[in-house]
Amino acid sequence: MAGTIKRWRYRAFGLSIISDFPLPELPITVGLTDEADVTVTSEDLSKTWADLGIHPYSFKVKENYVLFQLPNVAIFLIKNGKEIIVSPWPGADPAQIRLYILGTCMGAILLQRKILPLHGSAVSVDGKVYAFIGDSGAGKSTLATALLEKGFDLLSDDVIPVSISLEDGLPYVTPSYPQQKLWVESLNHFGMNAREYHSIYKRENKYLIPVATKFSEEVLPLAGVFELIKKDHQRIEFSPVVGLERLNTLFAHTYRHIFIKPLGLVGWHFSVSAKMAEKVQFYQIKRPSTSFTAPQLAELILETIKEEQLIWEA
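Residues numbered from 1 in each chain as written. Predicted model: local features only at pLDDT ≥ 70, side-chain atom pairs only at ≥ 80, totals over all residues. Heavy atoms only, no water.

Caption draft 1: Region of the structure containing the pattern of salt bridges. Counted according to the given criterion, the structure contains seven salt bridges. Its salt-bridge partner being Arg7, residue Asp20 comes within 2.9 Å of it at the nearest N-O pair. Of this pair, Asp20 sits in the loop between strand E2 (15–19) and strand E3 (38–42) while Arg7 sits in the segment before strand E1 (8–12); the two residues are 13 residues apart in sequence, bridging distant segments of the chain. Relative accessible area serves as the criterion here: at 16%, Asp20 is assigned to the buried category. With relative accessibility at 29%, the residue Arg7 sits in the partly exposed group. One salt bridge in this structure joins Lys181 and Asp158, with 3.4 Å as the shortest N-O distance. Remark: Asp158 occurs in strand E10 (residues 153–164) and Lys181 occurs in strand E12 (residues 179–183); sequence separation between them is 23 residues. Taking the relative accessible area as the measure of exposure, Lys181 reaches 15% and is therefore buried. (Salt bridge = Lys/Arg side-chain N within 4 Å of Asp/Glu carboxyl O. Helix = DSSP H or I, 4+ residues; strand = E, 2+ residues; numbered from the N terminus. Buried < 20%, exposed > 50% of the residue type's maximum accessible area, 1.4 Å probe, protein only.)

Structural data, given as structure tokens:
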């Protein structure tokens, strides 16, 4: 029928998504229903933004509401953990719009739904999940790839959704979608040809890597958190994280943690973090910034998991 808008149906982060925008990174689902956990729609938000009179790169955040603008890209509005409204600029690159839909927007959606989004990569090892968190460039995705090379599976890259089970009180990780982001240096170390992949918009040296054959679709318990820190020294330093420092670590590496206070989620975030700190082992790894250490780190992590008995046979 003339004028009908094509809509795409996907599943990611444990949520069903219906979108006015194609999101080729996500697994497609089939079905005729118009119901979904999250809708991504196109709408003119220019007046909404103009009425605020704030700086283009600012965020307007209040309970169940996040609004922000990226000039020459789009205005984004995230509401009630259910809606992402996008107002693209004329001529905006669709790839750049998708980066923010799947990144900041989905991070806000998860927070609004009271699902903790950690900034990192998550890998399953013998039925348990181990999260690698850290600042951008710390080597989270590269370390995850080193473990994938050993036969383990990815659950998430960039945004890790964590929920506390009402049944056993344990934290569980929900798979996001089967894709990684790797710098060209990491591709070279793993013998991967950059020409076979698409680079991220305006990051010509970072690539999108599909991992459908190395992706776990199971919701699994979180057993360990490893914080990666890049340092200017020549050796790997490994230490446990204990006490209240675990709470600080979780806050620092919650994806878009600047939203927590204005969304009214300080108490919730503290409660979830405290439960995770009690149930999960935490470690900090400082790695050299001048050498490729992912294989050594992968071995160290696997040895630690074994020694601490973080995994066991049923």
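Caption draft 2: The arrangement of the pairing of strand E8 (residues 116–125) in detail. Counting buried residues along E8, 10 of its 10 residues qualify, which places the element largely inside the surrounding structure. Burial along E8 is two-sided: Leu116, Leu118, Gly120, Ala122 and Ser124 facing one way and Pro117, His119, Ser121, Val123 and Val125 facing the other are all buried. Relative to strand E9 (residues 128–134), E8 runs antiparallel, the two sharing six bridges. Bridge assignment links Val125 to a residue of E9, and that residue is Lys128. Hairpin geometry of E8 and E9 is characterised by an intervening segment of two residues between the two adjacent antiparallel strands and by a positive phi of about 50° at Asp126. (Pairing = 2+ DSSP bridges.)

Caption draft 3: Seen up close, the nonpolar core. With 58 residues, the main nonpolar core has Phe76, Ile84, Val86, Ile101 and Leu222 as its most contacted residues. Once residues within four sequence positions are removed from consideration, Leu222 is found in contact with Val129, Ala131, Val162, Pro171, Tyr172, Val173, Met276 and Val280. If you look at the next biggest cluster of nonpolar residues, it comprises 33 residues, including Val125, Phe215, Leu297 and Ala298. (Core = buried A, V, L, I, M, F, W, Y, C linked by side-chain atoms within 4.5 Å. Contact = heavy atoms within 4.5 Å.)

Caption draft 4: Just the sheet that holds strand E5 (residues 65–70), in detail. Taking strand neighbours across the sheet as the criterion, the seven strands line up as E1-E2-E3-E7-E6-E5-E4 in an open arrangement whose pairing is mixed. Edge positions in the open sheet fall to E1 and strand E4 (59–62), since each of these has one partner strand only. Strand-to-strand twist of the sheet, defined as the mean angle between neighbouring strand axes without regard to direction, takes the value 15°. Pairing between E4 and E5: four bridges, direction antiparallel. (Axes fitted to C-alpha atoms, helices over the stretch in contact; angles between N-to-C directions.)

Caption draft 5: Looking closely at unusual backbone geometry. Even without a glycine there, the phi angle at Asn72 is positive, about 70°. Note on placement: Asn72 falls in the loop between E5 and strand E6 (74–79). For Asp126, which is not a glycine, the phi torsion comes out positive at approximately 50°. Looking at the secondary structure, you find Asp126 in the loop between E8 and E9. Judged by relative accessible area, which is 55%, Asp126 ranks as exposed.

Caption draft 6: Looking closely at the environment of Val162. Mapped onto the elements, Val162 comes out in strand E10. Between the C-alpha atom of Val162 and that of Leu67, which follows or precedes it by 95 residues, the distance is 24 Å. In contact with Val162, other than residues within four places in its own chain, are Ile115, Leu116, Leu118, Pro171, Tyr172, Val173, Leu222 and Met276.

Caption draft 7: Spotlight on the side chain of Thr104. With respect to the secondary-structure elements, Thr104 resides in helix H2 (residues 94–112). Judged by its relative accessible area of 4%, Thr104 is buried. Excluding anything up to four places from it in sequence, Thr104 contacts Phe59, Phe68, Tyr255, Arg256 and Phe259.

Caption draft 8: Just the packing of aromatic side chains, in detail. In the structure shown here, the tally under the stated rule is nine aromatic pairs. The interplanar angle of 35° and the centroid separation of 6.1 Å between the aromatic rings of Phe76 and Tyr100 together place this pair among those described as tilted. Of this pair, Phe76 sits in strand E6 while Tyr100 sits in helix H2, and the two are 24 residues apart along the sequence. Grouping aromatic residues by their ring pairs yields a cluster made of Phe59, Phe68, Phe76, Tyr100 and Phe259. Lying over the aromatic face of Tyr65, Lys62 brings its terminal NZ or CZ to 4.8 Å of the ring centre. Arg256 extends its terminal NZ or CZ atom over the ring of Tyr255, reaching a point 4.5 Å from the ring centre. (Phe/Tyr/Trp six-rings, centres within 6.5 Å; stacked < 30°, edge-to-face > 60°. Lys NZ or Arg CZ within 6 Å of the ring centre and 35° of its normal.)

Caption draft 9: Representation of empty space enclosed by the protein in the model. A full pass over the atoms with the stated rule returns one cavity of 30 Å³ or more. Roughly 30 Å³ of internal volume is contained in the largest cavity. Along its surface, the largest cavity is lined by Asp157, Tyr177, Gln179, Gln180 and Lys181. Take the lining of the largest cavity: its biggest share by element is three residues, from E12. In the lining of the largest cavity, the residues fall into one nonpolar, two polar and two charged. (1 Å grid on protein atoms, 1.4 Å probe; cavity = no way out; pocket = protein on both sides within 12 Å on 5 of 7 lines; lining within 4 Å. Points joined across faces, edges and corners; volume = space filled by probe spheres on them. Nonpolar A, V, L, I, M, F, W, Y, C, P; charged D, E, K, R; others polar.)

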